[in-house]
Amino acid sequence: MARVQVTANFYLDELVPKSILDARGDRAIQLLDMRIIQAAQFIREQLGETIYINNWFNGGNLDECGLRTFNTKTGAVFSQHKFGRALDLHSPAGVQRMFEVVKDNEKTLIADQLLTTVEDIKFTPTWLHIDCRWTGLDKLLIVQP
């Protein structure tokens, strides 16, 4: 299967698990909230470094850092990942640097409704969880798992 480029820096296989891509093909994009994909692209552009989400396509072990199936044992029962509204970002730049980019651009991300929530990086030292759930806040919600 040919890779489907979704943004300048991200492919569909990075956003969904292999099982969903196998079952739905290009239509897997319909299961994702475009806002979270645009948020990841924005963060990537501001960071100026590679960001990856799932890497199973290239032989890596990450398969559930984007969309997750409802029957997965990974994460919370009603995780934003299961609704296509969350991503776990990884980068050689590190979690702290990605978090700084989000905080530095918080007003833009909130105003454009691209991002509303991150997990506290004290609990996620190897990835940055971002999501676009409704919070009703005019600032970033930082949650603890």
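Please refer to the structure placed before this passage.
Reading guide: rules and limits
Residues numbered from 1 in each chain as written. Predicted model: local features only at pLDDT ≥ 70, side-chain atom pairs only at ≥ 80, totals over all residues. Heavy atoms only, no water. Disulfide = S-S within 2.5 Å. Buried < 20%, exposed > 50% of the residue type's maximum accessible area, 1.4 Å probe, protein only. Helix = DSSP H or I, 4+ residues; strand = E, 2+ residues; numbered from the N terminus. Pairing = 2+ DSSP bridges. Core = buried A, V, L, I, M, F, W, Y, C linked by side-chain atoms within 4.5 Å. Contact = heavy atoms within 4.5 Å. Polar contact = N/O pair within 3.5 Å; in protein donor to acceptor, adjacent residues only side chain to side chain. Phe/Tyr/Trp six-rings, centres within 6.5 Å; stacked < 30°, edge-to-face > 60°. Lys NZ or Arg CZ within 6 Å of the ring centre and 35° of its normal.

J.: Which residues make up the state of the cysteines, and what values do they have?
T.: This model, assessed by the stated rule, comprises 0 disulfides. Here Cys65 is not cross-linked by a disulfide; its sulfur's nearest cysteine counterpart is in Cys132, at 17 Å. With relative accessibility at 9%, the residue Cys65 sits in the buried group. You can call Cys132 buried: its relative accessible area is 1%.

J.: Can you lay out the pairing of strand E1 (residues 86-89) for me, pointing to particular residues and giving the numbers?
T.: By the alternation rule, side chains of E1 split into Ala86 and Asp88 and Leu87 and Leu89, which are all buried. By the bridge criterion, 4 bridges tie E1 to strand E3 (residues 128-131) in an arrangement that is antiparallel. Within the sheet, the bridge partner assigned to Ala86 lies in E3 and is Asp131.

J.: Before we move on, could you go through the nonpolar core and cite the residues and values that matter?
T.: Core analysis: the largest hydrophobic core is formed by 37 residues, its most contacted members being Val16, Leu89, Leu115, Leu128 and Ile130. Counting residues per element, the ones that place at least two in this core are helix H1 (12-15), helix H2 (18-24), helix H3 (34-47), E1, helix H4 (95-104) and E3. Ranked by residues supplied to this core, first place goes to H3 with 7 residues. Beyond its immediate chain neighbours, meaning those up to four positions away, Leu89 contacts Ala40, Ile43, Ile51, Tyr52, Ile53, Met98, Thr126, Trp127, Leu128 and Ile130.

J.: Provide a residue-level description of the side chain of Ser91, including the pertinent values.
T.: Mapped onto the elements, Ser91 comes out in the loop between E1 and H4. From its side chain, Ser91 meets the backbone nitrogen of Ala93 in a polar contact 3.1 Å long. Ignoring sequence-local partners within four residues, the contact set of Ser91 consists of Leu47, Glu49, Thr50, Ile51, Tyr52 and Met98.

J.: I'd like a rundown of unusual backbone geometry, residues and numbers included.
T.: A positive phi is found at Gln113, a non-glycine position, where the angle reads about 60°. Structurally, Gln113 is set in the loop between helix H5 (106-111) and strand E2 (117-119). Residue Gln113 is classed as partly exposed on the basis of its relative accessible area of 49%.

J.: Outline the packing of aromatic side chains, listing residues and values.
T.: According to the stated counting rule, one finds 2 aromatic pairs in the structure shown. With a centroid separation of 5.8 Å and an interplanar angle of 70°, the aromatic rings of Trp56 and Phe57 are classed as edge-to-face. For Trp56, a relative accessible area of 16% translates into the label buried. On the basis of relative accessibility, which here comes to 34%, the residue Phe57 falls in the partly exposed class. Judged by centre distance (5.5 Å) and plane angle (80°), the ring pair of Phe70 and Phe83 falls under edge-to-face. Residue Phe70 is found in the loop between H3 and E1, and its partner Phe83 is found in the loop between H3 and E1; the two are separated by 13 residues along the sequence. Judged by relative accessible area, Phe70 falls into the exposed class, the value being 54%. On the basis of relative accessibility, which here comes to 34%, the residue Phe83 falls in the partly exposed class. Taking NZ or CZ as reference, Arg3 lies 4.0 Å from the ring centre of Tyr11, over its face.

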